[in-house]
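Each chain, written out:
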Amino acid sequence: MTSPPALERLLRRDRIVTLAGVVVLCLLAWAYIVMGAGFGMNAGEMLRVALFPHTDAMRMPVDMDGMSMEMMAPAPAPAPAHWTLALWALTIGMWWAMMIAMMSPAASPTILLYARVHRHAIAGGRSQDRLAPTGAFLLGYLLVWFAFSLGAAALQWMLIHRGVVSPGMSSSQSRWLSAGVLIAAGFYQLSPLKAACLAHCRDPAAFLSRHWRPHAWGAVRLGILHGGFCVGCCWLLMALLFVGGVMNLVWIAALAILVLVEKLMPPGRWIGQAVGLGLIAWGIATLFA
């Protein structure tokens, strides 16, 4: 009996290959974020600025009784600078890396199930495509989050330009903005639209059976559709980064865990709603503090 071709052996291990690819992609995204996403601040520095935003200081010369001395004074926030093309690219890349790091673990069950269904379609003679569709499905999913990253970067620029978020960590400088985002995110957690989008994400088998399309382009379309439901679930949760700081690793990790719990754990929907009530209370407290 002749040994199967390398491609056939690879297809038999599609689950391992797909899972390894998602894990590597997620780890690369997290590594890029931890290293500072190209902005020159490592994870420790970003965390220090996020937790102790008022410790940054500048030395100002002061003459007291004829003696030259130095005192520490808070460094003023720089005026919004003109964003160059390179800065736009870095900002969009930062958002996209964050979305990949936060969302790919929660999307992995759907990606793995798609790979399995695709393999069965090949075995049953219903598809002649080999490796492309699983990668095409992931590509479609990531393209949706890239589009979201474009919008998030534009919103970040606008908020910095208006002076309501800091130019550095891009964290809120306005209690009205903080309270508004917290309350809006809390109510959205309880909304029927959130529940409808979450239902698609929590039941990948039903999603694939309802929306399945053959061939590579059908896989891209399916990935885009799944990404759209994921954005529908989480877009206001991602807006919370403007409250705690866009590059605040604590907030990024907390939101990633919440998304994972909501989509994969049996009580995830109820935990998400409890978080929504907590966000509303937090927003009200922020508004009247």
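Since the structure is predicted, the reported quantities are computational estimates derived from the model, not experimental observations.

### A look at the packing of helix H7 (residues 192–202) against helix H9 (residues 215–239)
Okay, so step 1: Packing of H7 against H9 brings their axes to within 8 Å, and their N-to-C directions diverge by 130°. By the angle between their axes, H7 is oblique relative to H9. Considering how the two elements wind past one another, H7 and H9 form a crossing that is left-handed. Counted together, Lys-194, Cys-197, Leu-198, His-200 and Cys-201 of H7 and His-226, Phe-229, Cys-230, Gly-232, Cys-233 and Leu-237 of H9 form the full contact between these two elements.
Okay, so step 2: For the contact of H7 with H9, the class distribution of residues is seven nonpolar, three polar and one charged.

### Regarding the nonpolar core
Okay, so step 1: Judged by nonpolar contacts, the single largest core of 69 residues is most densely connected at Trp-95, Met-98, Trp-145, Met-238 and Leu-240.
Okay, so step 2: Per-element tally for this core: the top contributor is helix H4 (residues 85–123), with 14 residues.
Okay, so step 3: Non-local contacts of Met-238, meaning those with residues more than four positions away in its chain, are made with Trp-95, Met-99, Met-102, Trp-145, Phe-148 and Val-259.

### Description of the confidence of the model for the protein
Okay, so step 1: Residue-level pLDDT values for the protein average 81, and 76% of them are 70 or greater.
Okay, so step 2: The secondary structure element of the protein with the lowest average pLDDT is strand E2 (residues 67–74), at 36, and the one with the highest is helix H6 (residues 175–189), at 96.
Okay, so step 3: Low pLDDT (under 50) marks residues 56–79, which in the prediction has 29 contacts with non-local residues, meaning those over four places away or in another chain.

### Regarding a nonpolar patch on the surface
Okay, so step 1: A cluster of nonpolar residues, Leu-19, Val-23 and Leu-27, forms a patch on the protein surface that exposes about 260 Å² of accessible area.
Okay, so step 2: Assignment of secondary structure puts Leu-19 in helix H2 (residues 14–34).

### Digging into the packing of helix H11 (residues 249–264) against helix H12 (residues 268–288)
Okay, so step 1: Interhelical geometry of H11 versus H12 gives an angle of 140° and a closest axis separation of 7 Å. One finds that H11 runs oblique with respect to H12. Counting all contacts with H11, which are made through Trp-251, Leu-258, Val-261 and Glu-262, the residues of H12 involved are Gly-268, Arg-269, Ile-271, Gly-272, Val-275 and Trp-282.

About the cut-offs
- Sequence positions are assigned chain by chain, starting from 1 and proceeding in written order.
- For this predicted model, a pLDDT threshold of at least 70 governs which residues receive local features, and a threshold of 80 or more governs which side-chain atom pairs are given and counted, while totals over whole chains, interfaces and linings are taken from all residues.
- Just so you know, side-chain values use all the structure's heavy atoms and leave hydrogens and water out.
- The convention used is that axes are lines fitted to C-alpha atoms, helices contributing only their stretch in contact, and that angles between N-to-C directions extend from 0 to 180 degrees.
- Only DSSP runs of H or I with at least four residues qualify as helices, and only runs of E with at least two residues qualify as strands; both kinds are numbered from the N terminus onward.
- Roughly parallel refers to an angle under 35 degrees, roughly antiparallel to one over 145, roughly perpendicular to one between 65 and 115, and oblique to any angle outside these ranges.
- Whether a crossing is left-handed or right-handed is set by the direction in which the near helix is turned from the far one by less than a right angle, anticlockwise for left-handed and clockwise for right-handed.
- Contact definition: two residues touch when any of their heavy atoms are within 4.5 Å.
- Only Asp, Glu, Lys and Arg are considered charged in this grouping, and only Ala, Val, Leu, Ile, Met, Phe, Trp, Tyr, Cys and Pro are considered nonpolar; every other residue, Gly among them, is considered polar.
- Nonpolar core, defined: a set of buried Ala, Val, Leu, Ile, Met, Phe, Trp, Tyr and Cys residues in which side-chain atoms within 4.5 Å join the residues together.
- Relative accessible area decides the class of each residue, using a 1.4 Å probe on protein chains only: under 20% of the type maximum gives buried, over 50% gives exposed, and in between gives partly exposed.
- The predictor attaches a confidence to each residue, called pLDDT, with possible values from 0 through 100.
- Each patch is built from residues lacking any salt bridge and having more than 30% relative accessible area; the joining distance is 9 Å for like charges and 5 Å for nonpolar side chains (Val, Leu, Ile, Met, Phe, Trp, Tyr).
- Under the convention used here, a 1.4 Å probe and the Shrake-Rupley method define accessible areas, while residue burial counts only the protein chains that appear.
- Any carboxyl oxygen of Asp or Glu that lies within 4 Å of a side-chain nitrogen of Lys or Arg is treated as forming a salt bridge with it.

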